[in-house]
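# Architecture and fold: a report
Take a look at the letters that make up each chain.
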Amino acid sequence: MKTNRLYRVLPFSLLVILFLFAGSAMANYKIRPHVDPDRPYINADRDESVYLVVKFDLPELDKRPDDRPDLNLGLVIDRSGSMEERGKMSYARDAAKTVVDKLSYNDYLAVVEYDDIVSVLWPSSHVESKERIKSRISELYPRGSTNLSGGMMKGVDEVNRSFLRRGINRVLLLSDGLANQGVTDPQAIKRLVKEARRRGITISTMGLGLDYNEDLMQMIAEHAGGRYYFIENPKQMHAIFEQELGTIFATVAKNVKARLRLSGSVRHCQVFGYVHENNGRSVDIEIGDLYAGEEVSVVLKLDVDPQDPGSVYLGDIEFSYTDVNDNNTVNESQRLSVRASRDETIIEKNIDKDVTVEAALVEADAIHDEQIRLYEQGDIAQAQSNIAMLNDHLMKINTSYADPSLSAKIEALDMENEEMKEAEESAEGQSSYLKKSKARTYQAQKGNRSSYVMQDGDSGFEVEQLQRVLTDNGYYSGPIDGVYDKDVSDAVKSFQTANSIAADGIAGPKTLKAAGLY
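The structure presented is a predicted model; accordingly, all values stated were derived computationally and were not measured.

Thresholds applied
Residues numbered from 1 in each chain as written. Predicted model: local features only at pLDDT ≥ 70, side-chain atom pairs only at ≥ 80, totals over all residues. Heavy atoms only, no water. Helix = DSSP H or I, 4+ residues; strand = E, 2+ residues; numbered from the N terminus. Expected span 1.5 Å × (residues − 1). Buried < 20%, exposed > 50% of the residue type's maximum accessible area, 1.4 Å probe, protein only. Arc of directions from axis to C-beta. Contact = heavy atoms within 4.5 Å. Pairing = 2+ DSSP bridges. Axes fitted to C-alpha atoms, helices over the stretch in contact; angles between N-to-C directions. Phe/Tyr/Trp six-rings, centres within 6.5 Å; stacked < 30°, edge-to-face > 60°. Lys NZ or Arg CZ within 6 Å of the ring centre and 35° of its normal. Salt bridge = Lys/Arg side-chain N within 4 Å of Asp/Glu carboxyl O. pLDDT = per-residue confidence, 0-100.

In a regular helix each residue adds 1.5 Å, so 22 residues correspond to 32 Å; helix α10 (residues 380–401) covers 31 Å between its end C-alpha atoms and thus fits that length. The complete set of buried residues in α10 reads A383, Q384, N386, I387, L390, N391, L394, I397, N398 and Y401. Summarising the axial view, the buried residues of α10 lie within an arc of 155°, below the 170-degree limit, and thus occupy one face. Exposed and oriented more than 90 degrees from the buried face of α10 are A381, M389, K396, T399 and S400. As for α10, its buried residues are in contact with α9 (353–376) and α11 (404–423).

Following this line, the structure appears as structure tokens:
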């Protein structure tokens, strides 16, 4: 995670307000993509795999912007009968009202309710009657089945009615159950969300509880260019809605795409963590929207044929995105190459540690995700065996680098057998394990590892959650501001010591599990 100076001024939960009432900072904001290989030299006489890590310079906004993009939002709320459990509907109503309070007159809002019946509770319009909108939201009560696709597409239709060419057009879809009415086939739903994205409307999904289909909700978010959230406890809804709204207000680039045109030297390209399409000698990657201050990684693995010594042309990568500030389309391209050599000393000496570690982490998270799904299919022994081999591989890599994030990933893999065994004790335990684990690997493959490791210099919603736990247990008395500083690190050390965990001040998997955050 990247430290955001904004978090040093206010708690994460007030980020939305900060973005709403501030002075201009976006006018000259530009994103800058960088593509770096794990090593500039490869062996000339054998097949090689070159890892490319794509990162974007996404500086924090030093000044508080009063020109944040206008928002055209569709809130789509599940009101099926299961929303009566654990007070889910009450928390959903409160969270939706919070969203209303954060919007301004220039924004548009629609509210859609769905069970087996889909209806528009509030048609898309300027936010000028907040109390009337909140009054209508108060009328929501649980009933019926779950026509998820119908509710989602009605939200898309409402957003489309007020489409903002220069703003952000987003649907927030909340569901706590399985799609059992309307269109339920995942491939058909995928086609619907891809069409929505083509029209410039993105969809973020929020899965509530343990009974919804996490694969479907994740797929919708991925193909619709939004974000996916797992909300285990209804009490978390308020904070998650604010987190999503805060990122929307910090949007600096829309519909970011990359196209990799491969040279004849490259036999195959693998993309981790992002929706992509292989088209012969080119690969199209859907990156989605980018937000100020966030950390984004796209990792590519290129299989390269043996080469004569000298420069090896790998291809060209082209980026395109819409600049939120002026709504203009920006196009950039970079030529990709390495050098082939027979000198092993030169090859080893020039390995890029940071790129190698990032690539190893993203690939490990992809493999980890595969084992979680293998477990889900019932092949626990094979999943555990594969995880053990992956762990050995990462330990060998980390012998050279001693990287804290790699160490945390190794720790997470060490814990996996225990996690799987605990999950087997009940159907509820299994559902919780699968949803948590899939959410972790989903985020980590995009460069966000705060669900299993946080350390000094990090910031954000997850750090704020950790601060609250440390405060509640008497280890921390500082501000709940989402900033992982020395005081938080010291508090973590004390917490670790009390829980018989090696006290290094880094909140890894064991520490987060002891805190109830893993």
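Our next topic: the sheet that holds strand β5 (residues 108–114). Backbone hydrogen bonds are what pair the strands of a sheet, in a parallel or an antiparallel way. The strand order β6-β5-β4-β7-β8-β9 describes an open sheet built from six strands, whose pairing is mixed. Each end of this open sheet is capped by a strand with a single partner; those strands are β6 (118–126) and β9 (225–231). Strand after strand, the sheet turns through a mean of 10° between neighbouring axes, direction not considered. Bridge count for strand β4 (residues 71–78) against β5 is seven bridges, and the pairing is parallel. When the bridges of β5 are listed, I77 appears paired with E113. Its contacts with the sheet place helix α7 (residues 237–249) against β4, β7 (168–175), β8 (202–208) and β9, and it is angled at close to 160° to β9.

We now examine the pairing of strand β15 (residues 310–323). Burial analysis of β15 places ten of its 14 residues in the buried class, the great majority of the element. Examined bridge by bridge, strand β10 (residues 251–262) and β15 share eight bridges and lie antiparallel to one another. Its bridge partner being in β15, R261 is matched across the sheet by D316. Strand direction decides the pairing type here: β15 and strand β16 (residues 329–341), joined by twelve bridges, are antiparallel. Of the residues in β16, the one forming a bridge with V312 is V338. Between the end of β15 and the start of β16, which pair antiparallel, lie five residues, with N327 showing a positive phi angle near 65°.

Another aspect to go through is the packing of aromatic side chains. The full count for this structure, using the stated rule, is five aromatic pairs. With 5.8 Å between their ring centres and 80° between their planes, F56 and F319 make a pair best called edge-to-face. One end of the pair, F56, is in strand β3 (residues 48–57); the other, F319, is in strand β15, with 263 residues separating them in the sequence. Exposure remark for F56: the relative accessible area of 4% places this residue in the buried category. Seen in terms of ring centroids, Y475 and F495 are 5.5 Å apart; in terms of plane orientation they differ by 90°. Their pairing is edge-to-face. Remark: F495 occurs in helix α14 (residues 486–498) and Y475 occurs in the loop between α13 (461–472) and α14; sequence separation between them is 20 residues. The exposure class of Y475 is partly exposed, given its relative accessible area of 30%. You can call F495 buried: its relative accessible area is 6%. Its guanidinium or amino end placed over the ring of Y141, R79 lies 4.4 Å from that ring's centre, counting from NZ or CZ. Sitting above the plane of the Y212 ring, K435 keeps its charged end 4.8 Å from the centroid.

This part covers the environment of S90. Turning to its location among the elements, S90 is positioned in helix α2 (residues 88–102). The exposure class assigned to S90 is partly exposed, which follows from its relative accessible area of 33%. In the structure, S90 is positioned 181 residues away from V271 in sequence and 41 Å away in space, judged by C-alpha atoms.

One pass over the structure, following the stated rule, counts 41 salt bridges. For R46, the salt bridge goes to E48, with nearest N and O atoms at 3.9 Å. Its salt-bridge partner being R373, residue D369 comes within 2.8 Å of it at the nearest N-O pair. With D369 and R373 both in helix α9 and four residues apart, the pair spans about one turn of that helix.

Let us now look at the confidence of the model for the chain. A low pLDDT means the predicted coordinates there should not be read in detail. Per-residue confidence for the chain gives a mean pLDDT of 91; residues scoring 70 or more make up 93%. Within the chain, helix α1 (residues 15–20) has the poorest average pLDDT of any element, 40, and α14 the best, 98. Contacts for the low-pLDDT stretch residues 1–24, under 50 throughout, to residues beyond four places or in other chains number 79 contacts.

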